[in-house]
Amino acid sequence: MTYNLDYLKELESESIFVLRELAAQFERPCLLFSGGKDSILVAWLAQKAFFPARIPFPLVHIDTGHNFPETIQYRDWLVEKLGARLLVGSVQQWIDEGRLQDETGYQASRNLLQTPVLLDILERNGFDCAIGGARRDEEKARAKERFFSHRDEFGQWDPKNQRPELWNLFNGRKGPGEHFRVFPISNWTELDVWQYLAAEQVPLPSLYFTHRRAVIERDGMLLADSPFLPKKAGESPREMQVRCRTIGDLTCTGLWPSNAGTVDDIIAEIATSRLTERGGRADDKRSDTAMEDRKREGYF
């Protein structure tokens, strides 16, 4: 399959410019790493941006304790390959210490519990910039973000209190205790990401490719069967050929029926799909403003 390499190089150049700019403006940045394709892309771009030096900031992963095992395996492999530093915030540890309480019920998820753990690790380490892999085509709340997205001293986001970004001029001015979230791949689409990863031959988690897995069908979604997923009466797992389009907490990450075994297969599948990747996330279906509400509270 052929790609528009000139266009992909333009996107790469813009993202590398943003990464170098944030490194110049902030004293203690970090890169939020979920193990999904977008954070993998940002880590890959960061390696290019600062080569031959190592990535000059740590990767931060907020581990819900309900991750796909494949995600953790890939995370550890990539950190070693890049020679990067890794900091892990554990939701399970906070629950064990009584600082957080698990949700209950059939829709229970630990996604919301990531927020206080994230804000704590940012504060304890003095991080003044957290780099994320959000894209503007990903979800409607993402479209309100800037490249440099201001957070107040409580880690909260106010979409009305963002700085204009004219001619690629980024304003990282902040007050005491405040920080920024920076999104270097804001102008990329899901298709762009996959085409770039294919062109660069970036190794990817096996979850993105078709595999057989026991799933539960619920509310029009397929969820991975696991000890963490309470089953309703009448629900029983069945094996299907599926893959992930987005990777998050195991209990709320929808799986997609698919025969895509290569990156080129995935690109062809996405190009003809009328459903967005977030359409398979149970946590986004809690309300029409679910993502924006979580972002206001300090979510990724």
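Refer to the structure printed above.
Chains are numbered independently. Their residues run from 1 in the order of the written sequence. Residue-level local features of this predicted model are given only where pLDDT is at least 70; pairs of side-chain atoms are given and counted only at 80 or more, and the full residue set underlies all totals for whole chains, interfaces and linings. In computing side-chain properties, one takes all heavy atoms of the structure into account and sets aside hydrogens as well as water.

Caption draft 1: How the structure looks around the nonpolar core. Among buried residues, those of type Ala, Val, Leu, Ile, Met, Phe, Trp, Tyr and Cys that are joined through side-chain atoms within 4.5 Å constitute a nonpolar core. Buried residues are those whose accessible area, probed at 1.4 Å on protein chains only, stays under 20% of the maximum for their type, while exposed residues exceed 50% and partly exposed ones sit between those limits. Leu-19, Leu-22, Phe-57, Phe-148 and Trp-194 are the most contacted members of the largest nonpolar core, which has 61 residues in total. In terms of residues, this core owes the most to one element, helix α2 (residues 37–50), which gives nine residues. Structurally, this core is a two-domain feature, drawing no fewer than three residues from each of domain 1 (7–188 + 289–296) and domain 2 (193–284). We call two residues contacting when some pair of their heavy atoms lies within 4.5 Å. Ignoring any residue separated from it by four or fewer positions in sequence, one finds Phe-57 in contact with Leu-19, Leu-22, Pro-29, Cys-30, Leu-31, Ala-46, Phe-50, Arg-85 and Ile-131. The secondary structure listing takes helices from DSSP runs of H or I that are at least 4 residues long and strands from runs of E that are at least 2 residues long, numbered from the N terminus. By convention here, the domain bounds are inherited from an automatic or database domain assignment.

Caption draft 2: Inspection of α2 at higher detail. Multiplying one less than the number of residues by 1.5 Å gives the expected span of a helix. In this model α2 runs 20 Å from its N-terminal to its C-terminal C-alpha over 14 residues, within 8% of the 20 Å that 1.5 Å per residue would give. The element α2 is largely enclosed, with a buried count of 12 among its 14 residues. Of the positions making up α2, those classed as buried are Lys-37, Asp-38, Ser-39, Ile-40, Leu-41, Val-42, Ala-43, Trp-44, Leu-45, Ala-46, Ala-49 and Phe-50. The elements touched by buried residues of α2 are α1 (5–25), β1 (29–32), α3 (69–82), β4 (129–131) and α6 (190–200).

Caption draft 3: Geometry of the packing of aromatic side chains. Two rings from Phe, Tyr or Trp (for Trp, the six-membered ring) form a pair when their centres are within 6.5 Å of each other. A pair whose planes differ by under 30 degrees is stacked, one over 60 is edge-to-face, and the rest are tilted. Using the criterion set out here, one finds 10 aromatic pairs in the structure. Here the aromatic rings of Phe-148 and Phe-170 are separated by 4.9 Å at their centres, their planes lie at 10 degrees, and the arrangement is stacked. Residue Phe-148 is located in strand β5 (residues 148–151), and its partner Phe-170 is located in the loop between β5 and β6 (179–182); the two are separated by 22 residues in the primary sequence. As far as the burial class goes, Phe-148 and Phe-170 line up, both buried. Three or more aromatic residues link up through ring pairs in this structure, and these residues are Phe-17, Phe-26, Phe-147, Phe-148, Phe-170 and Phe-180. When the NZ atom of lysine or the CZ atom of arginine is within 6 Å of a ring's centre and also within 35 degrees of its normal, the charge is said to sit over that ring. When the ring centre of Trp-94 is taken as origin, the NZ or CZ atom of Arg-99, which lies over that ring, is 3.7 Å away. Residue placement shows Arg-245 over the ring face of Trp-256; its charged tip is 4.8 Å from the ring centre.

Caption draft 4: Geometry of the sheet that holds β4. Think of it this way: DSSP has to see at least two bridges between two strands before they count as a pair. Spatial ordering of the open sheet is given by β3-β2-β1-β4-β6-β5, a layout of six strands whose pairing is mixed. Across the chains shown, the open sheet's two edge strands, defined by having one partner strand only, are β3 (86–90) and β5. Neighbour to neighbour, the strand axes of the sheet diverge by 30 degrees on average, direction disregarded. Of the strand pairs in this sheet, β1 and strand β2 (residues 59–63) are connected by two bridges, and their pairing is parallel. Opposite Leu-31, over in β2, you have Leu-59 as the bridge partner. Note on geometry: axes are C-alpha line fits, over the in-contact stretch for helices, and angles between N-to-C directions span 0 to 180 degrees.

Caption draft 5: Quick look at the packing of α2 against α6. Orientation of α2 relative to α6, taken along the N-to-C sense of each, is 50 degrees, at an axis distance of 11 Å. In this view, α2 runs oblique relative to α6, as classed from their interaxial angle. Along this stretch, α2 crosses α6, giving a crossing that reads as left-handed. Listed contacts from α6 to Lys-37, Asp-38, Leu-41, Trp-44, Leu-45 and Lys-48 of α2 are Glu-190, Val-193, Trp-194, Tyr-196, Leu-197 and Glu-200. Reported orientations rely on four angle classes, namely roughly parallel under 35 degrees, roughly antiparallel over 145, roughly perpendicular from 65 to 115, and oblique for the rest. Here a crossing is taken to be left-handed if its near helix is turned anticlockwise relative to the far helix by less than a right angle, and right-handed if that turn runs clockwise.

Caption draft 6: How the structure looks around the sheet that holds strand β9 (residues 238–244). Taken in spatial order, the four strands of this closed barrel run β7-β8-β10-β9, and their pairing is antiparallel. Between one strand and the next, the sheet's axes are offset by a mean angle of 70 degrees, whatever the strand orientation.

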